[in-house]
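# Structure at a glance
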Amino acid sequence: MSLDPATVRRIARLARIGIDESDLPALQRELNGILGWIEQLNEVDIDGVEPMVGTGHAALRMREDVVTDGGARDAVLSNAPDAAGPYYTVPKVVE
Amino acid sequence: MMLTELTIAAAQGGLRRREFSAEELVGAHVAAIDRLNGRLNAFITVTSEQALDAARRADAILAGGEDAPALTGIPLGIKDLFCTDGVRTTAASRMLEEFVPPYESTVTANLLADGAVFVGKTNLDEFAMGSANITSAFGSVENPWKRAGDDQTVLVPGGSSGGSAAAVAARLAMGATGTDTGGSIRQPASYCGIAGIKPTYGRCSRWGTIAFASSLDQAGPMARTVEDCAILLQSMAGFDVRDSTSVDVAVPDYRAACGRSLKGMKVGIPAEYRVAGMPAEIEAAWEQGIAWLRDAGCEIVEVSLPYTKYGLATYYIVAPAECSSNLARYDGVRFGRRVPGESLDELYEATRREGFGAEVRRRILMGTYVLSAGYYDAYYLRAQKVRNLIRKDFENAFRTVDVLLTPTAPSPAFAQGEKMDDPVQMYLNDVFTVPASMAGVPAMSVPAGLSQSGLPLGLQVIGRSFDEESVFAAASALERAASFTHRPAVRAEVV
């Protein structure tokens with residue numbers, strides 16, 4: 001499998017990473033190099049093998065549905081790019 | 001007495017006997033940082049004033065008697081991937097250049113509760129993605145070691161925890177935290193001639209550690225001796241309700257495990273790690289390690305881990321996939337860098353182009369591709385299945401042996417500028433460390449000797465899940481046999 005420039009552009013669009021046309025040849029070469037190398041996994045017989053999602057040592061836990069944290073308005077706002085008083089404001093994200 | 005030469009174990013005693021004060025101990029390290037960090041670039045942020053204040057508080061506690069917590073007054077470096085309350089935490093990325101967390105990661109909170117003093121935030125590859133510490137937005141780190149007879153060539157410290165490794169090797173800190181996703185503690189430890197352990201996945205909480213690949217990321221200590229690593233892991237480890245992958249098992253006495261007898265321990269030598277083209281000096285160090293463990297009373301057993309050779313390719317699907325998902329949060333909207341745009345998409349795209357470096361962008365793109373419609377089964381699902389086969393390799397081996405012994409890395413530290421044109425060549429540095437990460441089992445690098453060029457070489461001990469004790473036991477036996485007393489050319493006491 002080899003990526004063409006249109007596919008590289010499409011992936012970048014999906015990832016919301018801006019790329020210049022001048023970046024394309026190098027990116028295409030590097031990604032194809034990595035993809036060509038990982039093709040070796042195609043020779044592994046995976047019939048009947050379960051996918052490994054995690055290491056499986058931690059069981060999912062239940063807890064009481066109670067507030068365990070809070071009252072940290074100023075801490076939460078400390079990294080807000082443009083807080084307005086006690087409000088967290090962001091650029092318009094619903095168009 | 002050269003305070004920067006002490007081990008953590010020795011400093012604990014010296015502080016309690018009042019042979020020196022915490023202020024003197026921390027001050028010696030702060031002075032070394034002042035003098036050498038401009039060159040080594042091991043720290044992104046130095047917190048000298050806070051450290052000296054904390055040292056004076058430590059002295060007050062030590063003066064109070066016997067109850068001082070274990071790490072009281074011990075100066076440590078903290079990889080700049082751990083959120084530290086009120087201290088800038090960058091992940092070595094322009095994206096988080098100004099980010100000051102309003103909370104403390106669980107691992108660093110544990111160390112602080114035990115009295116540790118943080119001298120600064122150590123440099124790393126951007127978002128922990130790299131094997132040479134050359135992708136940091138804050139500049140590359142210089143390895144304090146030099147090739148014999150060549151004091152000009154700048155060598156890489158390994159990565160991604162390269163700043164931590166360089167700081168500990170150069171005696172700018174007594175120990176440091178690292179994180180390891182595919183070798184990021186063990187490979188830089190090997191390149192810088194120090195010890196470092198990636199504990200079992202789930203042993204240290206990931207809460208408050210900036211995520212790269214969540215099913216692989218694991219924090220661990222780096223220090224100049226195996227025992228010092230044991231002392232630090234004792235403090236860092238433990239169950240945490242705030243990390244759903246944290247495992248609720250008791251943390252044993254790691255320090256006690258360091259002196260344990262190896263009589264009857266079975267040590268596996270995996271045939272598949274004898275890769276084609278392995279340098280003779282790596283092979284020789286490995287053979288020497290085998291002989292040392294045999295002399296210590298171990299039984300040496302040849303074992304086979306047939307899926308080893310697929311480890312790296314599997315890793316470079318799974319890790320980028322998780323990275324592309326984790327790093328989606330850096331969108332310029334809520335925190336971190338923002339580059340304005342005409343539309344929302346333009347804002348996203350401009351922010352992520354400017355905020356991320358080339359390697360991070362490349363991995364996000366790879367991850368996006370292998371997770372995208374039509375390719376998910378062919379790449380990501382297949383990789384998860386191969387990962388399971390790799391884990392089963394380890395499970396099978398650990399039915400007959402207690403630990404595995406391998407080299408840590410296929411070469412000693414290389415020069416800045418080498419291996420940098422082709423991402424795949426750079427990825428091959430992690431060939432021996434990635435399989436244990438895939439399986440989630442604990443693994444430690446310990447310095448074993450010097451290469452012909454005078455650079456440190458590490459050996460790796462891999463253990464069963466949650467059996468860090470056997471890893472510490474075998475690693476300390478190797479350490480004793482190697483009696484590695486070599487020190488890097490650039491270090492605190494060399495003026």
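Residues numbered from 1 in each chain as written. Chains lettered and ligands numbered in written order. Predicted model: local features only at pLDDT ≥ 70, side-chain atom pairs only at ≥ 80, totals over all residues. Heavy atoms only, no water.

### Considerations on the interface of chain A and chain B
Reports of interface size often rely on the accessible area that becomes lost once the parts have come together. Between chain A and chain B, the residue contacts involve 53 residues of the former and 64 residues of the latter. The interface formed by chain A and chain B contains eight salt bridges. A salt bridge links Asp20 of chain A to Arg353 of chain B; its shortest N-O distance comes to 3.6 Å. Summed over the shared surface of chain A and chain B, the number is 23 residue pairs in polar contact (both at pLDDT 80 or more). Listing elements by their share of the side of chain A that touches chain B, those giving two or more residues are α1 (5-15) and α2 (24-38) of chain A. With eight residues, the single largest contributor to the side of chain A that touches chain B is α2 of chain A. Tallied by class, the residues present in the side of chain A that touches chain B amount to 29 nonpolar, ten polar and 14 charged. (Contact = heavy atoms within 4.5 Å. Salt bridge = Lys/Arg side-chain N within 4 Å of Asp/Glu carboxyl O. Polar contact = N/O pair within 3.5 Å; in protein donor to acceptor, adjacent residues only side chain to side chain. Helix = DSSP H or I, 4+ residues; strand = E, 2+ residues; numbered from the N terminus. Nonpolar A, V, L, I, M, F, W, Y, C, P; charged D, E, K, R; others polar.)

### A short note on the side chain of Ser235 of chain B
Residue and element names in this part refer to chain B. Mapped onto the elements, Ser235 comes out in helix α7 (residues 226-236). Exposure remark for Ser235: the relative accessible area of 7% places this residue in the buried category. A polar contact is formed between the side chain of Ser235 and the side chain of Asp114, at a distance of 2.7 Å. If we ignore the near neighbours within four places in the chain, the residues touching Ser235 are Leu71, Asn110, Leu111 and Asp114. (Buried < 20%, exposed > 50% of the residue type's maximum accessible area, 1.4 Å probe, protein only.)

### Topic: the packing of helix α12 (residues 358-371) of chain B against helix α13 (residues 376-400) of chain B
Residues and elements named next belong to chain B. Their axes nearest at 7 Å, the elements α12 and α13 cross at an angle of 105°. With respect to α13, the axis of α12 lies roughly perpendicular. Two secondary-structure elements touch here, α12 through Tyr369, Val370 and Leu371 and α13 through Tyr376, Tyr379 and Tyr380. Tallied by class, residues from the contact of α12 with α13 come to six nonpolar, no polar and no charged. (Axes fitted to C-alpha atoms, helices over the stretch in contact; angles between N-to-C directions. Parallel < 35°, antiparallel > 145°, perpendicular 65-115°, else oblique.)

### A word on the sheet that holds strand β4 (residues 175-180) of chain B
All names here are of chain B. Ordered by their spatial adjacency, eleven strands build an open sheet running β1-β3-β2-β4-β6-β5-β10-β11-β9-β7-β8, and the pairing between neighbours is mixed. Of all the strands in the sheet, the pair left with one neighbour each is β1 (43-46) and β8 (299-303). Shown here is a sheet whose adjacent strand axes are inclined to one another by a mean of 30°, direction ignored. For strand β7 (residues 266-270) and strand β9 (residues 403-407), the ladder comprises two bridges, and the chain directions are parallel. (Pairing = 2+ DSSP bridges.)

### A look at helix α4 (residues 106-113) of chain B
In an α-helix there are 3.6 residues to a turn, and that puts residues three or four apart on one side. Residue and element names in this part refer to chain B. Taken together, the buried positions of α4 are Thr106, Val107, Thr108 and Leu111. The inward-facing, buried residues of α4 contact β2 (75-79), β3 (117-122), β4, β6 (218-223) and α7. Looking one or two places after α4, you find Gly115, whose phi comes out positive at around 95°.

### Side note on the packing of aromatic side chains
Residues and elements named next belong to chain B. All told, the structure shown has 19 aromatic pairs over all chains when counted by the stated rule. Between Phe127 and Tyr330 the ring centres are 5.1 Å apart and the planes differ by 45°, which places this aromatic pair in the tilted class. Taken as a pair, Phe127 in the loop between β3 and α5 (162-169) and Tyr330 in the loop between α10 (311-326) and α11 (344-355) lie far apart in primary sequence, 203 residues in all. Judged by its relative accessible area of 4%, Tyr330 is buried. Every member of this aromatic cluster is reached through a ring pair, and the members are Phe99, Phe127, Tyr330, Phe335 and Phe356. Note that Arg242 overlies the ring of Trp207, its terminal NZ or CZ placed 3.8 Å from the centroid. Across the ring face of Trp286, the terminal group of Arg274 is positioned such that the distance to the ring centre comes to 4.5 Å. (Phe/Tyr/Trp six-rings, centres within 6.5 Å; stacked < 30°, edge-to-face > 60°. Lys NZ or Arg CZ within 6 Å of the ring centre and 35° of its normal.)

### A few points about the nonpolar core
Where a protein is soluble and globular, its nonpolar side chains tend to be buried together. Formed by 165 residues in total, the largest nonpolar core has its most connected members in Leu111, Phe127, Phe394, Leu405 and Phe472 of chain B. In contact with Phe472 of chain B, not counting residues within four places along its chain, are Ile197, Val226, Cys229, Ala230, Leu233, Tyr254, Ala257, Cys258 and Met444 of chain B. (Core = buried A, V, L, I, M, F, W, Y, C linked by side-chain atoms within 4.5 Å.)

### Here we look at the pairing of β7 of chain B
Among the five residues of β7 of chain B, four are classified as buried, and the element is accordingly described as predominantly covered. In this fold, the crossover linking β7 of chain B to β8 of chain B by way of helix α9 (residues 280-295) of chain B has right-handed handedness. (Right-handed = clockwise from strand over helix to strand, strands pointing away.)

### Some words on α12 of chain B
In this model, α12 of chain B (14 residues) spans 20 Å end to end at C-alpha, consistent with the 20 Å of a helix rising 1.5 Å per residue. The buried fraction of α12 of chain B amounts to eleven of the 14 residues, a majority that puts the element mostly inside the structure. Within α12 of chain B, the full set of buried residues consists of Glu359, Val360, Arg362, Arg363, Ile364, Leu365, Met366, Gly367, Thr368, Tyr369 and Val370 of chain B. Contacts from the buried residues of α12 of chain B go to α1 and α2 of chain A together with α10, α11, α13 and α14 (423-427) of chain B. (Expected span 1.5 Å × (residues − 1).)

### Let's talk about the environment of Ser48 of chain B
Residues and elements named next belong to chain B. Looking at the secondary structure, you find Ser48 in helix α3 (residues 48-63). Judged by its relative accessible area of 15%, Ser48 is buried. Along the chain, Ser48 and Asn143 lie 95 residues apart, while their C-alpha atoms are 22 Å from each other. Every residue in contact with Ser48, bar those within four places of it in the chain, is listed here: Val30, Asp34 and Val119.

### Quick look at the packing of α1 of chain A against α12 of chain B
Two elements in contact, α1 of chain A and α12 of chain B, have axes separated by 9 Å at closest approach and are oriented at 100°. Considering their axes alone, α1 of chain A and α12 of chain B lie roughly perpendicular with respect to each other. Packed against α1 of chain A, whose contacting residues are Thr7, Ile11, Ala12, Leu14 and Ala15 of chain A, the element α12 of chain B presents Ile364, Leu365, Thr368 and Tyr369 of chain B at the interface. Its residues assigned to classes, the contact of α1 of chain A with α12 of chain B shows seven nonpolar, two polar and no charged.

### Considering the confidence of the model for chain B
Averaged over every residue, the pLDDT of chain B is 96; the share at 70 or more is 100%. Both scores are available for the predicted complex, with the pTM at 0.97 and the ipTM at 0.95. (pLDDT = per-residue confidence, 0-100.)

### So, the pattern of salt bridges
Residues and elements named next belong to chain B. This structure, assessed with the given rule, holds 36 salt bridges over all chains. One salt bridge in this structure joins Arg186 and Asp180, with 2.8 Å as the shortest N-O distance. Taken as a pair, Arg186 and Asp180 share a single burial class, namely buried. The network of salt bridges with shared partners includes Glu5, Arg171, Arg487, Arg491 and Glu493.

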